[in-house]
Amino acid sequence: MSELILKPGKERSVFRRHPWIFAGSVERLEGRARPGDTVLVKDADGRPLARAAWSPNSQIRARVWSFDPEQSIDHAFIKRTVAASVARRQSHPVLSQQDGVRLIHGESDGLPGVIADRYGPVVVIQLTSAGADKWRDAIVAGLVQATGCVAVYERSDSDVRKLEGLEPLSQLAWGELPADLTIVENGVRMVVDVVGGHKTGFYLDQRDNRLLTGQLSRDRDVLNCFCYTGGFSLQALAGGARSVISIDSSGPALATAARNLALNPQLDASRAEWREDDVFQALRSLKAEGRRFDLIVLDPPKFAPSAAHADRAARAYKDINLLGFRLLNPGGILMTYSCSGGIGLELFQKIVAGAAADAGVEARIIHRLSAAADHPIGLGVPEGEYLKGLACQI
Ligand code: SAH
C-alpha cells in the first residue's frame with residue numbers, strides 16, 4: 001500500500017477525526033496510487049494514523065475511510081459500513097417510519113463522497129469522490145442487502161465530480177425501476193422522479209421543516225418561494241392553510257407539483273395557486289399588487305456553493321429576505337433557509353437581521369431549523385451542517 005506522508009503538525013486534524021486531507025497538508029506520496037486507491041496516512045515522523053482514499057485531482061487529496069491504520073479497506077469493510085449506516089435509520093423510531101429517508105450522508109456516516117437516499121422500494125446513490133467511485137459495487141451490494149430494495153439508481157451527475165476528475169453519470173446500477181414512484185411524507189403523497197428530478201429526486205433534508213410549516217399554517221395565507229414540487233405547499237394545505245401561493249422558475253417542477261396536488265384528494269386544491277416566475281421578480285410584483293401573507297417560506301437554491309461566492313450570495317439572501325419581511329402581515333412568520341456551504345449560520349443570521357432592520361420590522365427567532373435526523377453532522381466534520389433556517393416572527 002502506498003503511504004501518504006503528512007507535513008509536520010498536519011496530523012492534528014486527523015486526531016480530531018476530520019476525514020479530509022488537503023493538498024497543502026501532504027508532504028509526499030511514497031509509492032504509486034491510482035485515483036480511489038487506499039493509502040496509509042502517516043505523520044511526519046512516520047507514525048501510521050489512518051487509511052484513506054487517494055484523490056490526486058482534488059484539493060481534498062485524500063478522504064479517510066478509517067481512523068484505525070490497521071483496518072483493511074475492502075469489499076467487506078464498505079458493506080459493513082453501509083449496513084451500519086442503514087441500521088442507524090432503521091433503529092430510529094421516527095426515521096424508520098419514513099418512506100423517504102437518507103440512508104448514507106457521506107462523511108458524517110463514515111463514507112466520504114457517498115450519498116444514498118431511499119424512496120420506498122428504490123435507493124438512489126450519488127458518488128462524488130474517487131474513493132466512493134472505486135467502491136461502487138460494494139456500496140450497491142451493501143445497500144441491496146441492507147434494504148431489500150428493488151432497484152439502485154445512480155445519480156452521479158453533480159458538478160462536484162468534476163473536481164475529482166470523474167465523469168458525470170446517471171444510470172441504473174441494479175434491479176429495475178418501478179414505473180411510477182411516489183412516497184408518503186407526513187401524510188402527503190409526493191412523486192419522486194429519481195432520473196430527472198433535482199439531486200436524487202427530492203429534498204429529503206427539509207422533511208421536518210415542511211411538517212412544522214404545516215403545523216403553523218392553519219387559517220393562514222401562505223407564500224412558498226422556490227417551491228420545487230410543492231413539498232412545503234402541500235404540507236401547508238394539509239395543515240389547513242387558507243391559501244397557498246407557490247413560486248418556482250422551473251416549469252417541470254411545477255408540473256410535478258400539480259401532479260402531487262392531484263395525488264392528494266384530501267387537500268383542497270382550490271386554495272392553491274402556482275406561479276412560474278423568478279422569485280426576485282415575483283416578490284416585487286406581489287408587493288405591487290398589495291398582497292400580504294401570514295407565513296412565508298424562502299427555500300432558495302445554493303447561492304454560495306463555496307466561501308468564494310459568499311459576497312454575491314449574501315446580497316441575494318438579503319434581497320429576498322427584505323422583500324419577504326415587507327410582505328408579512330403583523331404577527332406573520334418568515335421561514336427562511338440557506339443551504340449554502342459558503343454561508344455559515346452566524347453570517348446567515350446577520351443577513352436576515354439586516355433584512356428585517358431595512359424592512360423596518362421588529363422580528364424575533366422562534367425556531368432554529370436544520371436538516372432532519374437522517375442528515376447527521378459528524379462532530380469531527382462541522383462542514384456537514386449545510387442547511388440552516390430561521391423562523392422569524394414579526
Ligand atoms: N423547497 C423545495 C426545494 C427547493 S429547491 C422542497 O421542499 O422540495 C430550489 C428551487 O428553486 C428549485 O426548484 C429551482 O427550480 C428553484 N429556483 C432556482 N432559482 C430560482 C429563481 N430565481 N426563482 C424561482 N425559482 C428558482
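Residues numbered from 1 in each chain as written. Predicted model: local features only at pLDDT ≥ 70, side-chain atom pairs only at ≥ 80, totals over all residues. Heavy atoms only, no water.

It is worth spelling out the site of the ligand at this point. Near the ligand there are 15 residues, and of these Arg210, Asp248, Asp278, Val279 and Asp299 occur at the shortest range. With respect to the ligand, the backbone of Ser249 contributes an N or O atom lying 3.1 Å from a nitrogen atom. About the coverage of the ligand: the protein hides 89% of its 590 Å² of free accessible area. (Near = heavy atom within 4 Å. Polar contact = N/O pair within 3.5 Å; in protein donor to acceptor, adjacent residues only side chain to side chain. Areas by Shrake-Rupley, 256 points an atom, 1.4 Å probe, with all protein chains shown as cover.)

Turning next to the sheet that holds strand S16 (residues 272-276). Taken in spatial order, the seven strands make up an open sheet running S16-S15-S14-S17-S18-S20-S19, and their pairing is mixed. The sheet is open, and its two edges are formed by S16 and strand S19 (364-370), each paired on a single side. Between one strand axis and the next, the sheet turns through 15° on average, direction left out of account. (Pairing = 2+ DSSP bridges. Helix = DSSP H or I, 4+ residues; strand = E, 2+ residues; numbered from the N terminus. Axes fitted to C-alpha atoms, helices over the stretch in contact; angles between N-to-C directions.)

What follows is about the domain arrangement of the chain. What the domain assignment lists for the chain is domain 1 (3-66), domain 2 (75-181) and domain 3 (203-393). The gap between the C-alpha centroids of domain 1 and domain 2 is 25 Å. Opposite the 15 residues of domain 1 that make contact, domain 2 presents 15 residues. With both chains or domains summed, domain 1 and domain 2 bury close to 1100 Å², and 60% of this area falls on carbon and sulfur atoms. Applying the counting rule to domain 1 against domain 2 returns three salt bridges. One salt bridge connects Glu107 with Arg63, and the closest N-O pair in it is separated by 3.6 Å. Between the two partners, domain 1 and domain 2, sit five residue pairs in polar contact (both at pLDDT 80 or more). Per element, the largest residue contribution to the side of domain 1 that touches domain 2 is five residues, and it comes from strand S6 (residues 60-66). Among the residues making up the side of domain 1 that touches domain 2, the classes are represented as eight nonpolar, five polar and two charged. (Domains from an automatic or database assignment. Contact = heavy atoms within 4.5 Å. Buried area = accessible area lost by both parts, 1.4 Å probe. Salt bridge = Lys/Arg side-chain N within 4 Å of Asp/Glu carboxyl O. Nonpolar A, V, L, I, M, F, W, Y, C, P; charged D, E, K, R; others polar.)

If you trace the six strands from one edge of the open sheet to the other, you get S2-S6-S5-S4-S1-S3, paired in mixed fashion. Either end of the sheet is taken by a strand with one partner, and the two such strands are strand S2 (20-22) and strand S3 (26-30). The sheet shows a mean angle of 35° between the axes of neighbouring strands, direction not considered. Of the strand pairs in this sheet, strand S1 (residues 3-6) and strand S4 (residues 38-42) are connected by three bridges, and their pairing is parallel. From the neighbouring strand, Ile5 faces S4, where its bridge partner is Lys42.

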